Amino acid sequence: NIGNAKECMALIEELEALRLHSDPKELRGLSFCFNAAIGACKPSGNIALVNVLMDKMDRLRVPKDVYTYTSAIGVCERGGYWKKVLKYLETMEEDSALNPQ
């Protein structure tokens, strides 16, 4: 729900302030935090917060995984953002870390 998404976002901001994203060992843990925040957006279909979170992951170089994309796709589905669903599916397909050769 929205409350949980905002709580997750607040935690992410605290972790960002601690500069944990500068330690490669901590990036996986940050992925879990972002995935939880994105998943918490699903009941409300809050695509705006998902966009903020996905952009922040890029900026901090936090790796996205299958859970990141499937959570984001679930939010888009809930909100009826089908073009965004297609964009995430294309991005997943292009991401070499998600598609080993």
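The structure we're discussing is the one just above.
In this text the structure is predicted, and so the values were computed from the model without any measurement.

Engineer: Tell me about the overall build of the chain, and please be specific about residues and values.
Structural biologist: Scanning the chain from N- to C-terminus turns up five helices and zero strands. Counting every position in the chain, which comprises 101 residues, the buried fraction comes to 40%. Counting only contacts in the chain whose residues sit at least 6 apart along the sequence, the fraction spanning at least 24 positions is 61%. Total accessible area on the chain is roughly 6100 Å²; 55% of this is exposed by carbon and sulfur atoms.

Engineer: Quick rundown of the nonpolar core? Include the residues and the values.
Structural biologist: Membership of the largest hydrophobic core comes to 28 residues, with the highest contact counts inside it found for Phe34, Ile38, Val50, Leu53, Met54, Val62 and Tyr88. Counting residues per element, the ones that place at least two in this core are helix H1 (2-17), helix H2 (27-40), helix H3 (47-60), helix H4 (66-79) and helix H5 (82-94). At seven residues, H3 tops the list of elements feeding residues into this core. Ignoring sequence-local partners within four residues, the contact set of Met54 consists of Ile38, Lys64, Thr68, Tyr69, Ala72 and Tyr88.

Engineer: Outline H3, supporting the account with residue identities and numerical values.
Structural biologist: Taking 1.5 Å as the rise per residue, H3 with 14 residues should run 20 Å; its terminal C-alpha atoms sit 20 Å apart, in good agreement. If you check which residues of H3 are buried, you get Ile47, Leu49, Val50, Leu53, Met54, Lys56, Met57 and Leu60. Within two residues after H3, Arg61 carries a phi angle of roughly 60°, on the positive side.

Engineer: Give me the lowdown on the packing of H3 against H4, citing residues and values where you can.
Structural biologist: As a packed pair, H3 and H4 sit with axes 10 Å apart at the nearest point and diverge in direction by 160°. Classed by the angle they form, the pair H3 and H4 counts as roughly antiparallel. Helix-helix and strand crossings are classified by hand; for H3 and H4 the assignment is left-handed. Contacts from Ile47, Val50, Met54 and Met57 of H3 reach H4 at Thr68, Tyr69, Ala72, Val75 and Cys76. Its residues assigned to classes, the contact of H3 with H4 comprises eight nonpolar, one polar and no charged.

Conventions adopted
- Residues numbered from 1 in each chain as written.
- Predicted model: local features only at pLDDT ≥ 70, side-chain atom pairs only at ≥ 80, totals over all residues.
- Heavy atoms only, no water.
- Helix = DSSP H or I, 4+ residues; strand = E, 2+ residues; numbered from the N terminus.
- Buried < 20%, exposed > 50% of the residue type's maximum accessible area, 1.4 Å probe, protein only.
- Contact = heavy atoms within 4.5 Å.
- Areas by Shrake-Rupley, 256 points an atom, 1.4 Å probe, with all protein chains shown as cover.
- Core = buried A, V, L, I, M, F, W, Y, C linked by side-chain atoms within 4.5 Å.
- Expected span 1.5 Å × (residues − 1).
- Axes fitted to C-alpha atoms, helices over the stretch in contact; angles between N-to-C directions.
- Parallel < 35°, antiparallel > 145°, perpendicular 65-115°, else oblique.
- Left-handed = near helix turned anticlockwise from the far one by under 90°.
- Nonpolar A, V, L, I, M, F, W, Y, C, P; charged D, E, K, R; others polar.

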